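Chains, contacts and geometry: an overview
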Amino acid sequence: MSSHQLSPSRRFGLLCGSLEPGATNSISDVNGVSVGHKTMRNGDVNTGFTALVPHPGNIFQEKLNAGVEIINGFGKSAGLIQVDELGTLETPILLTNTFAIGAGVNALIRQAILKNPEVGRTTSTVNPVVLECNDGFLNDIQAMPLAEVDAIAALEAASSEVEQGSVGAGTGMSAFGFKGGIGSASRTFELDSGRFVLGALVLANFGRAGDLVLPDGRRPDPKDTQTSEERGSVIVVLASDVPLESRQLKRIAKRAGAGLARLGAFYGNGSGDIALAFSTAQNVLHQEENDFVDRRCLNEDRIDILFRAAAETTQEAVLNAMIASPSTTGRERHQRPSLTDWLQDTSNQL
């Protein structure tokens, strides 16, 4: 049995789309991509950092093409303006809670300076990318316990093993009235007789209770959870080894919204829904000596396969985040049930 068959959603027969997952059904199926967490649980504090490292080299010197799509802009993330303008990513990506953005920014700046002492002196400053969701229902967000050292710990813990559920930035998150968190998935496909992959990593903290739609059509309704306005958020990071320009990556990022919609999301007024996509296929050098540079990019008529992969991986990654998360009691005894418990109870009733 391949490892992707053991992913959280597939254990319950929940299949999202028709494309084949990669070997681990996670974003690390894109060669060189790694993920690490720093989890903090202490009484009312349930939060953390999740770090996504796009490649093992010096990212400031060897940037990656990237694109960002703001599906609904109720958010406080850092670094997105420059990614959208220049179309490049030059730091790892940190995910965390809303009030830890500053700590994450400082950590990424210090790491960039450590590797590149010329930053801010003889060359440009660095654009740290930190994305957030509000975990205040289960976490005492006002305590602000996360510091730079915690962000660095997540970066240093990055590996090809992608832990999912209530870990790192996902520790205090909620989704559709259930426990949310960190989830991942991947899809493979052929282009010009070569095998390529697209992977997703999500921070799931969105959706009204009762709105969730499973791939088989069932609509889980968490017990004892009052339906309220949609005030959550979701961050989707997509990675691929297909050669893509930044405009194409922005188009692919937009299709993450299709995956969210399949789950029952409608991007509420108070929801911060952001997708960022990058390609690992070729580096953009910080110090490029030539006036003109050669770049490969996908034939636009072949991009639909990546659109499909973006939708399928986003949908499955969110389900994986929820199913991998246990029921949780957090700040002031606030509770979120686990989607796994609902699925098991439903199976026992059949």
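Residues numbered from 1 in each chain as written. Predicted model: local features only at pLDDT ≥ 70, side-chain atom pairs only at ≥ 80, totals over all residues. Heavy atoms only, no water.

1. Remarks on the confidence of the model for the protein
Predicted confidence across the protein gives a mean pLDDT of 95, with 97% of residues reaching 70 or more. Across the protein, the element-wise mean pLDDT spans from 86 in helix α7 (residues 339–349) up to 99 in strand β5 (residues 93–97). (pLDDT = per-residue confidence, 0-100. Helix = DSSP H or I, 4+ residues; strand = E, 2+ residues; numbered from the N terminus.)

2. Structural notes on the sheet that holds strand β12 (residues 272–285)
Judged by pairing direction, the sheet is mixed, and its six strands sit side by side in the order β4-β3-β12-β11-β10-β9 without closing on themselves. If you trace the sheet from one side to the other, it starts and ends with β4 (88–89) and β9 (181–191), each paired once. Of the strand pairs in this sheet, strand β3 (residues 62–73) and β12 are connected by ten bridges, and their pairing is antiparallel. In the strand pairing of β12, Ile 70 is matched with Ile 274. Contacts from helix α4 (residues 246–254) reach β3, β10 (194–205), β11 (233–240) and β12, with the element oriented near 40 degrees to β3. Together, β9, β10 and β11 form the strand contacts of helix α6 (residues 304–323), whose direction differs from that of β9 by roughly 155 degrees. (Pairing = 2+ DSSP bridges. Contact = heavy atoms within 4.5 Å. Axes fitted to C-alpha atoms, helices over the stretch in contact; angles between N-to-C directions.)

3. So, the pairing of strand β2 (residues 45–53)
Counting buried residues in β2 gives nine out of nine residues, a clear majority hidden from the surface. Here β2 shows a buried face lined by Val 45, Thr 47, Phe 49, Ala 51 and Val 53 and a second buried face lined by Asn 46, Gly 48, Thr 50 and Leu 52. When strand β1 (residues 34–42) meets β2, the two strands line up antiparallel, connected through nine bridges. Counted as the bridge partner of Ser 34 is Val 53 from β2. The turn joining β1 and β2, which pair antiparallel and follow one another in sequence, is formed by two residues; a positive phi near 65 degrees is taken by Gly 43. The sheet contact formed by β2 and β5 spans three bridges and is antiparallel. The residue bridging Ala 51 from the neighbouring strand is Leu 94, located in β5. (Buried < 20%, exposed > 50% of the residue type's maximum accessible area, 1.4 Å probe, protein only.)

4. What about the pattern of salt bridges?
In total, this model carries 14 salt bridges according to the counting rule given. The shortest N-O distance in the salt bridge between Arg 187 and Glu 316 comes to 2.6 Å. Remark: Glu 316 occurs in helix α6 and Arg 187 occurs in strand β9; sequence separation between them is 129 residues. Where Glu 332 meets Arg 331, a salt bridge forms, and the shortest distance between an N and an O atom there is 3.4 Å. Residue Glu 332 is classed as exposed on the basis of its relative accessible area, which comes to 55%. (Salt bridge = Lys/Arg side-chain N within 4 Å of Asp/Glu carboxyl O.)

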